[in-house]
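Chain residues, written in single-letter form:
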Amino acid sequence: MSNNELYDVIIVGGGPAGLTAGMYAMRAALKTVLIERGIFGGQVAITKEVENYPGFIEIGGFELCEKFLQHAKSYDLEIIEKEVVATEPGVAYHSIRLADGTVLHAHAVILAAGGTAKKLNTPGELENFGKGVSYCATCDGFFFRGKTVAVVGGGDTALEDALYLAKITKKVYLIHRRDAFRGSRILQQRVFAEPRIEIIYNAVVATINSDAGGVNGISLKDTQTGESRDLDTEGVFIFVGFAPNNQLVPAGVKLNTTGYVITDEKCETSIAGIFAVGDLRQKYANQIVLAAADGCTAALAAAHYVETRKAVSA
Ligand code: NAP
């Protein structure tokens with residue numbers, strides 16, 4: 001089923017980058033549609049508090065995403081809530097194929113599919129997902145009120161979520177494979193000051209142990225001495241990084257060795273008229289403000305691209 005309407009821009013993904021692109025594309029009077037398969041806001045929507053988005057000293061992640069969505073909708077941005085299964089580059093236009101078989105066409109495509117939490121790939125992890133293993137403290141922390149949990153990782157997400165979990169659980173083991181955290185200094189200071197967090201450096205999770213009731217412990221291996229140690233815990237929260245959702249990036253678009261899309265300063269990929277923004281794109285840091293900035297850049301660049309295409313074909 002092909003929709004013969006030709007859009008100026010199709011945006012795939014409704015996180016901060018995609019919604020900002022939607023706002024800017026509408027302000028540039030482009031015929032635009034944004035497609036999102038799940039919750040608007042992406043990773044930010046499942047973040048409890050955001051403290052570093054300019055203009056908001058502190059705001060809930062979900063609330064901030066709602067503001068992005070309302071702002072984009074205020075320009076009458078067309079939104080389709082369906083799954084995209086493929087991006088098909090073309091000469092006259094690019095196409096986006098939906099899971100229901102519909103194919104949409106546009107001069108420009110902005111890919112804003114974000115990323116997903118990485119797995120540890122440790123024995124017991126997949127089997128116990130939802131039975132003690134979690135990748136989202138704000139979604140699942142509630143189930144561990146008054147219990148002992150382990151947090152794995154040393155980046156901003158691990159530190160931030162360990163602090164969040166320390167407020168609702170009895171104790172948090174924070175397990176990091178090195179002896180220094182990667183996360184920001186301000187979060188480190190808060191973690192060091194939190195009596196309910198016990199930091200275990202130089203350790204990796206060898207197995208996640210369970211019984212019929214779900215997770216009941218983890219076995220750690222010391223990366224310096226090789227010694228093993230068991231810990232009793234009912235929850236394991238894994239925050240070991242992030243992988244870009246690059247499944248919809250078409251062949252021919254250049255990726256770096258870790259799967260992020262390589263773009264130029266306009267967020268344009270190696271295929272003209274296909275842009276990549278936010279956590280999908282290779283850049284110095286992944287922050288909400290940078291995702292929003294990418295959305296702005298790509299929409300402005302797409303506007304210029306669409307104008308040029310129309311002028312050529314006129
Ligand atoms: P990240 O910064 O990539 O950190 C991942 C952590 O997991 C690192 O400490 C890494 O250890 C550890 N790790 C990776 N693989 C591991 C494994 N197999 N076993 C054990 N540990 C492993 O990921 P993130 O914390 O999800 O953050 C992603 C991006 O979002 C970052 O740019 C971050 O700044 C940003 N972010 C920002 C905020 C904020 O500003 N409020 C909040 C959340 C996230 P090593 O350090 O040894 O590599």
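Each residue is numbered by its place in its chain's sequence as written, counting from 1. Under the rules for a predicted model, residues below a pLDDT of 70 receive no local features and side-chain atom pairs below 80 are neither given nor counted, while totals for whole chains, interfaces and linings still include all residues. Side-chain figures throughout are based on the complete set of non-hydrogen atoms in the structure, without hydrogens or water.

### Considering the domain arrangement of the protein
Interfaces are often described in size by the accessible area the parts lose on coming together. By the assigned domains, the protein splits into domain 1 (6-116 + 242-313) and domain 2 (119-238). Of the residues lining the interface, four residues belong to domain 1; the matching set on domain 2 comes to six residues. Reported buried area values correspond to the accessible surface (1.4 Å probe) lost by two parts on association, with both partners' losses combined. When the buried area of domain 1 at its contact with domain 2 is split by residue, Ile-46, Lys-48 and Glu-51 rank highest and sum to 76% of it. Counted as salt bridges are all cases of a side-chain nitrogen of Lys or Arg within 4 Å of a carboxyl oxygen of Asp or Glu. Here domain 1 is connected to domain 2 by one salt bridge. In this structure, Arg-190 engages Glu-51 in a salt bridge whose closest nitrogen and oxygen atoms are separated by 3.2 Å. Polar contact criterion, stated in full: a pair of N or O atoms within 3.5 Å, where within protein one must be able to donate a hydrogen and the other to accept it, and residues adjacent in sequence count only if both atoms are side-chain atoms. At the junction of domain 1 with domain 2, the criterion picks out two residue pairs in polar contact (both at pLDDT 80 or more). Just so you know the grouping, Ala, Val, Leu, Ile, Met, Phe, Trp, Tyr, Cys and Pro go in nonpolar, Asp, Glu, Lys and Arg go in charged, and all remaining residues, Gly too, go in polar. Across the side of domain 1 that touches domain 2, the residue classes tally to one nonpolar, one polar and two charged. For the purposes of this description, domain bounds are those given by an automatic or database domain assignment. A contact between two residues is defined here by any heavy atoms of the two lying within 4.5 Å.

### Looking at a positive patch on the surface
For patch building, the residue pool is restricted to those with more than 30% relative accessible area and no salt bridge; the joining distance is 9 Å between like charges and 5 Å between nonpolar side chains (Val, Leu, Ile, Met, Phe, Trp, Tyr). Per-residue and other accessible areas were derived by the Shrake-Rupley procedure at a 1.4 Å probe size, with only the shown protein chains allowed to occlude residues. Lys and Arg are tallied as positive, Asp and Glu as negative. Neither His nor the chain termini are counted. To locate a charge, take atom NZ for lysine, CZ for arginine, CG for aspartate or CD for glutamate. Together, Lys-118, Arg-177, Arg-178 and Arg-182 make up a region of like positive charge exposed at the surface. Tracing the backbone through its elements, the reader meets Arg-177 in the loop between strand 12 (171-175) and helix 5 (185-192). Residue burial is assigned from relative accessible area. The probe radius is 1.4 Å, only protein chains are included, and a residue is buried under 20% of its type maximum, exposed over 50%, and partly exposed in between. The class for Arg-177 is exposed, based on a relative accessible area of 58%. Starting at the N terminus, helices and strands are each numbered in turn, a helix being any DSSP run of H or I of at least four residues and a strand any DSSP run of E of at least two.

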